[in-house]
Amino acid sequence: MALNFLEYAAPGVADLRPYQPGKPLAELERELGIRDAIKLASNENPLGPSPLALAAIRDALPDLALYPEGGAPELRARLAQMHDLDPRQFIFGNGSDQVIEMAVRAFAGPGTEVIVSQYAFAAYAIAAQASGATVRTAPARNYGHDLDAMTALLSERTRLVFIANPNNPTGTQLSGAALETFIDSVPAHALVVLDEAYLELMDDDNYPDGRQWLGRFSNLLVTRTFSKAYGLAGLRCGYGMGHPDLIAVLERVRQPFNINSLAQVAAHAALLDTRHLEATRVNNRQERQVLAEGLDKFGLTILPPAGNFTAFAVPGGGQSVYVALLQRGVIVRPLSPYGMPDHLRVSVGLPVENQRFLKMLGEVL
Ligand SMILES: *Cc1c(COP(=O)(O)O)cnc(C)c1O
């Protein structure tokens, strides 16, 4: 007899809907029996990983029988120098997703509340709900975080407030002044998690780097990742920066070997490869513009392009356009899991990929 496992699942888990990632390239190629599909669905680096990272991985292969050093000392020292922080101000995760999870594990749980914005990056609400915490969702303003609406949800039970700047998938941004005022207003019993997954790909001079507030607010955790600009999404490495006492609490729930040895050496090497990062930025800046103009020519409404992606609306046709593009070997991201069924999100690819996407989209429309 089948057991109803959901009945025994932990509070919060029964109602959880799993994160829906972008469709893997290999999966679509298997389904269609083709080899030249393109994926513009997960905001990955179209230039691939840094050659220095690949060389570091090759050098580290003979040591794979050994457990990694849990604290990632070399990577930590490099980042501490780069950000002018104490090495004790860093926590590493198997992707910044895991840093988010550790923050939830350490501070949320049944009886607590976690504040997110409507249309915010889905990982926050999923982790919070899985912990048994109550997720309080502030309605968005123009698809972005409405900080006043988030402030209105603060209570004695609030333990975490998640902010993505820019937000994925909507590309919306908050100004430094607005963010600073907001963080200042959050009481000490609530931690603000400021997710800056796209910082290295932001070209706007006014884009605020959350690092600047770490000395002032001890209830602030700033997260970064090697998955986007650094082109190492497959290795899973991200980090959080915060007050040493905050980091010490997060360390209590970190799995001892969560950052594998290849990820550690590759991330370290990627930080040194300023040429690859610059090439990534240049392609991204130019091609993001190409995509935005191309979408505009089709008369589509686009949300603000930010980082390495832009979302756009196909009123009434989000899902059908997604499927039609798949049939033409192009993977984009449908935003129906975000409650935005008219919208699709496209990542900035190489020039040839973006041209192919625009051509196929033209056919489909
Ligand atoms: C891609 C992304 C992340 C992180 O991903 P990891 O691969 O887990 O580091 C985090 N936040 C946002 C907003 C993202 O878009």
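Residues numbered from 1 in each chain as written. Predicted model: local features only at pLDDT ≥ 70, side-chain atom pairs only at ≥ 80, totals over all residues. Heavy atoms only, no water.

J.: What is the right way to look at the overall build of the protein in this model?
T.: Each helix and strand counted, the protein has 13 helices and 13 strands in total. Taken over the C-alpha trace, the protein has a radius of gyration of 20 Å; the compact-globule value for 365 residues is 21 Å, and the two agree within 12%. Each principal axis of the C-alpha atoms in the protein carries an extent, and together these give about 60 × 55 × 50 Å. Across the protein, the fraction of contacts at a sequence separation of at least 24, relative to all contacts at a separation of at least 6, is 73%. If you sum the accessible surface of the protein, you get close to 16,500 Å²; carbon and sulfur atoms cover 52% of it. Positive and negative charge centroids in the protein, built from 31 and 38 side chains respectively, lie 3 Å apart. (Helix = DSSP H or I, 4+ residues; strand = E, 2+ residues; numbered from the N terminus. Rg over C-alpha atoms; globule rule 2.2 N^0.38 Å. Contact = heavy atoms within 4.5 Å. Areas by Shrake-Rupley, 256 points an atom, 1.4 Å probe, with all protein chains shown as cover. Lys, Arg positive; Asp, Glu negative; His and termini not counted. Charge placed at Lys NZ, Arg CZ, Asp CG, Glu CD.)

J.: Help me understand the sheet that holds strand 10 (residues 309-313), please; the structure alone is not making it clear to me.
T.: Backbone-to-backbone hydrogen bonds pair the strands of a sheet. The strands run either parallel or antiparallel. Reading across the sheet, the four strands line up as 9-10-13-12 and stay open at both edges, with antiparallel pairing between neighbours. The sheet is open, and its two edges are formed by strand 9 (301-302) and strand 12 (333-334), each paired on a single side. In the sheet, strand 9 pairs with strand 10 via two bridges, with the strands oriented antiparallel. Across the sheet, residue Thr301 finds its bridge partner in strand 10, namely Ala313. Helix-sheet contacts for helix 11 (residues 274-297) involve strand 9, strand 10 and strand 13 (343-347), and the interaxial angle to strand 13 is about 150°. (Pairing = 2+ DSSP bridges. Axes fitted to C-alpha atoms, helices over the stretch in contact; angles between N-to-C directions.)

J.: Got a minute to help me understand the site of the ligand in this structure?
T.: Around the ligand sit Gly95, Ser96, Asp97, Phe121, Asn168, Asp195, Ala197, Tyr198, Thr225, Ser227, Lys228 and Arg236, and that is every residue in its neighbourhood. Contact between the ligand and Asp195: a nitrogen atom at 2.6 Å from a side-chain N or O atom of the residue. A total of 390 Å² of accessible area belongs to the ligand in isolation, and the protein chains cover 93% of it. Here the shell around the ligand is built from residues that sort into three nonpolar, five polar and four charged. (Near = heavy atom within 4 Å. Polar contact = N/O pair within 3.5 Å; in protein donor to acceptor, adjacent residues only side chain to side chain. Nonpolar A, V, L, I, M, F, W, Y, C, P; charged D, E, K, R; others polar.)

J.: Explain the sheet that holds strand 7 (residues 220-225) here, please?
T.: Pairing is mixed across the open sheet formed by seven strands, whose spatial order is 2-8-7-6-5-3-4. With partners counted over all chains shown, the strands left at the sheet margins are strand 2 (90-93) and strand 4 (134-138), one partner each. Pairwise comparison of adjacent strand axes, ignoring direction, gives a mean angle of 20° for this sheet. In the sheet, strand 7 pairs with strand 8 (residues 238-241) via four bridges, with the strands oriented antiparallel. What sits directly across from Arg224, in strand 8, is Tyr239.

J.: I would appreciate a short explanation of the pattern of salt bridges in the present structure.
T.: This model, assessed by the stated rule, comprises 18 salt bridges. Two residues, Glu27 and Lys23, come together in a salt bridge whose shortest N-O distance is 2.8 Å. Overall, Glu27 belongs to the partly exposed group, its relative accessible area being 27%. Note that Glu180 is salt-bridged to Arg216, the shortest N-O span being 2.3 Å. Here Arg216 lies in the loop between strand 6 (191-195) and strand 7 and Glu180 lies in helix 8 (residues 176-185), a separation of 36 residues in the sequence. (Salt bridge = Lys/Arg side-chain N within 4 Å of Asp/Glu carboxyl O. Buried < 20%, exposed > 50% of the residue type's maximum accessible area, 1.4 Å probe, protein only.)

J.: Mind showing me how you'd approach helix 9 (residues 244-251) here?
T.: What sets the pattern is the α-helix's 3.6 residues per turn: residues three or four places apart point alike. Residues of helix 9 that are buried include every one of Pro244, Leu246, Ile247 and Leu250, and no others. With its buried residues spanning 155° around the axis, helix 9 presents them on a single face. Buried residues along helix 9 sit in contact with strand 2, helix 5 (96-107), strand 6, strand 7 and strand 8. (Arc of directions from axis to C-beta.)

J.: Looking at this structure, I do not really get a nonpolar patch on the surface. What am I missing?
T.: Where nonpolar side chains cluster on the molecular surface, the patch consists of Leu3, Phe5 and Tyr8 and spans about 390 Å² of accessible area. Examined against the element boundaries, Tyr8 turns out to sit in helix 1 (residues 5-8). (Patch = residues over 30% accessible without salt bridge, like charges linked within 9 Å, V, L, I, M, F, W, Y side chains within 5 Å.)

J.: How should the nonpolar core be read in this particular structure?
T.: By size, the foremost hydrophobic cluster in this structure holds 56 residues, and its most contacted members are Leu75, Phe90, Phe92, Met150, Ile163, Leu220 and Phe226. Broken down by element, the residue count for this core peaks at six residues, all from helix 10 (residues 261-272). In this structure, this core is formed jointly by two domains, domain 1 (21-48 + 275-364) and domain 2 (51-272), each of which donates at least three residues. Aside from chain neighbours lying at most four places away, what touches Met150 is Ile115, Val116, Ser117, Ala138, His145, Val161, Phe162, Ile163 and Phe182. Met102, Ala108, Ala122 and Tyr338 belong to the second-largest nonpolar core, a separate cluster that totals 32 residues. (Core = buried A, V, L, I, M, F, W, Y, C linked by side-chain atoms within 4.5 Å. Domains from an automatic or database assignment.)

In short, the description is geometric, and any link to function would need to be established separately.
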